[in-house]
Amino acid sequence: MLFLFMTYGLYRGVGLEDNFPKYQGYKKGDFFSYNTPGAFETPDTEVGDGIAGILLSILLWVVMTIALILLIILLEALFWFSLFIIIMMLYWIFFRALKLVFNKSENTVGDIFSSISYSLTYTALYLGWIFGIVYLTELF
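Residues numbered from 1 in each chain as written. Predicted model: local features only at pLDDT ≥ 70, side-chain atom pairs only at ≥ 80, totals over all residues. Heavy atoms only, no water.

### Re the overall build of the protein
Logical step 1: Counting secondary structure elements, the protein contains four helices and zero strands.
Logical step 2: Each helix (α) and strand (β) of the protein, taken in turn from the N terminus, gives the series α-α-α-α.
Logical step 3: Sorting the 140 residues of the protein into buried and exposed places 14% on the buried side.
Logical step 4: Of all intrachain contacts in the protein linking residues separated by at least 6 positions in sequence, the fraction that spans at least 24 positions is 80%.
Logical step 5: If you sum the accessible surface of the protein, you get close to 12200 Å²; carbon and sulfur atoms cover 70% of it. (Helix = DSSP H or I, 4+ residues; strand = E, 2+ residues; numbered from the N terminus. Buried < 20%, exposed > 50% of the residue type's maximum accessible area, 1.4 Å probe, protein only. Contact = heavy atoms within 4.5 Å. Areas by Shrake-Rupley, 256 points an atom, 1.4 Å probe, with all protein chains shown as cover.)

Structural data, given as C-alpha cells:
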C-alpha cells in the first residue's frame, strides 16, 4: 500500500505542506536543579496502642493516601510525556519522511517509470529498517 501510495503521489505530483505547530517553548539546560540526598531513610512508623495510636494511624493513612495520589499524578504526567514523544516520532515517520519522497515529484510528474523506481526505493528503505528492528529484537 505504501508503494502504491507513493507511486501515485509521485506520478500526480503531490506535495505536502508543513503546517505542524512548533513545540519549542522550552529552555535548554538542567531540568532538575536540586540535589538528591545520598541515602534516604524511612521514618519509624510504630505508633503504639491506645487512642493515640489509632489517631496517629489514621493520620499516617491520610498522609500516605495523599502521597500515593501525588505519585499517580506524576506517573500520569510521565505517561502523557511518553505519548507526546511517540506522536512526534509518528509525525516524523508519516510526514517528514513522505515529504522527502514527495520532494522528488517535480521530476516524476507524468513519468510512471521514474515514479515506480523512486517509490520502490523509498518503500524498501522505509520498510527495511522496520523489518531490521523486528529482526534484531527477535535475535536478541
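### Comments concerning the packing of helix H2 (residues 51-102) against helix H4 (residues 112-139)
To describe two helices that pack against each other, one gives the angle between their axes and the distance between the axes.
Logical step 1: Closest axis-to-axis distance for the H2/H4 pair is 11 Å, and the angle between their directions is 155°. Judged on the interaxial angle alone, H4 and H2 are roughly antiparallel. In this structure, the crossing between H2 and H4 has a hand that is right-handed. Between H2, through Ile93, Ala97, Leu100 and Val101, and H4, the contact on the second element is made entirely by Tyr122, Tyr126 and Trp129. (Axes fitted to C-alpha atoms, helices over the stretch in contact; angles between N-to-C directions. Parallel < 35°, antiparallel > 145°, perpendicular 65-115°, else oblique. Left-handed = near helix turned anticlockwise from the far one by under 90°.)

### Structural notes on the layout of surface pockets
Logical step 1: Here the largest pocket defines a volume of roughly 160 Å³.
Logical step 2: Around the largest pocket, the lining residues are Leu2, Trp92, Ile93, Phe94, Ala97, Leu98, Tyr126, Leu127, Trp129 and Ile130.
Logical step 3: Residue assignment for the lining of the largest pocket shows that the elements contributing at least two residues are H2 and H4.
Logical step 4: Here the lining of the largest pocket is composed, by residue class, of ten nonpolar, no polar and no charged. (1 Å grid on protein atoms, 1.4 Å probe; cavity = no way out; pocket = protein on both sides within 12 Å on 5 of 7 lines; lining within 4 Å. Points joined across faces, edges and corners; volume = space filled by probe spheres on them. Nonpolar A, V, L, I, M, F, W, Y, C, P; charged D, E, K, R; others polar.)

### Description of the packing of helix H1 (residues 2-12) against H2
Logical step 1: Running from N to C, H1 and H2 cross one another at 45°; their axes reach a closest spacing of 10 Å. One element, H1, and the other, H2, form an angle in the oblique class. Like other packed secondary-structure pairs, H1 and H2 cross with a definite hand, here right-handed. Where H1 approaches H2, its residues Leu2, Phe5, Met6, Gly9 and Leu10 are matched on the opposing element by Leu98, Val101 and Phe102.
Logical step 2: For the contact of H1 with H2, the residue count by class is seven nonpolar, one polar and no charged.

### Comments concerning the packing of aromatic side chains
Logical step 1: The full count for this structure, using the stated rule, is three aromatic pairs.
Logical step 2: On the numbers, 5.3 Å between centres and 65° between planes, the contact of phenylalanine 79 with tryptophan 80 is edge-to-face.
Logical step 3: Of the residues examined, phenylalanine 79 reaches a relative accessible area of 48% and is grouped as partly exposed.
Logical step 4: Residue classification places tryptophan 80 among the partly exposed residues on the basis of a relative accessible area of 49%. (Phe/Tyr/Trp six-rings, centres within 6.5 Å; stacked < 30°, edge-to-face > 60°.)

### A look at the nonpolar core
Logical step 1: With eight residues, the main nonpolar core is built from Met6, Leu10, Ala97, Leu98, Val101, Phe102, Tyr122 and Tyr126.
Logical step 2: The biggest single contributor to this core is H2, with four residues.
Logical step 3: Setting aside residues up to four positions removed in sequence, phenylalanine 102 forms contacts with Phe5, Met6, Gly9, Leu10, Val14 and Leu16. (Core = buried A, V, L, I, M, F, W, Y, C linked by side-chain atoms within 4.5 Å.)

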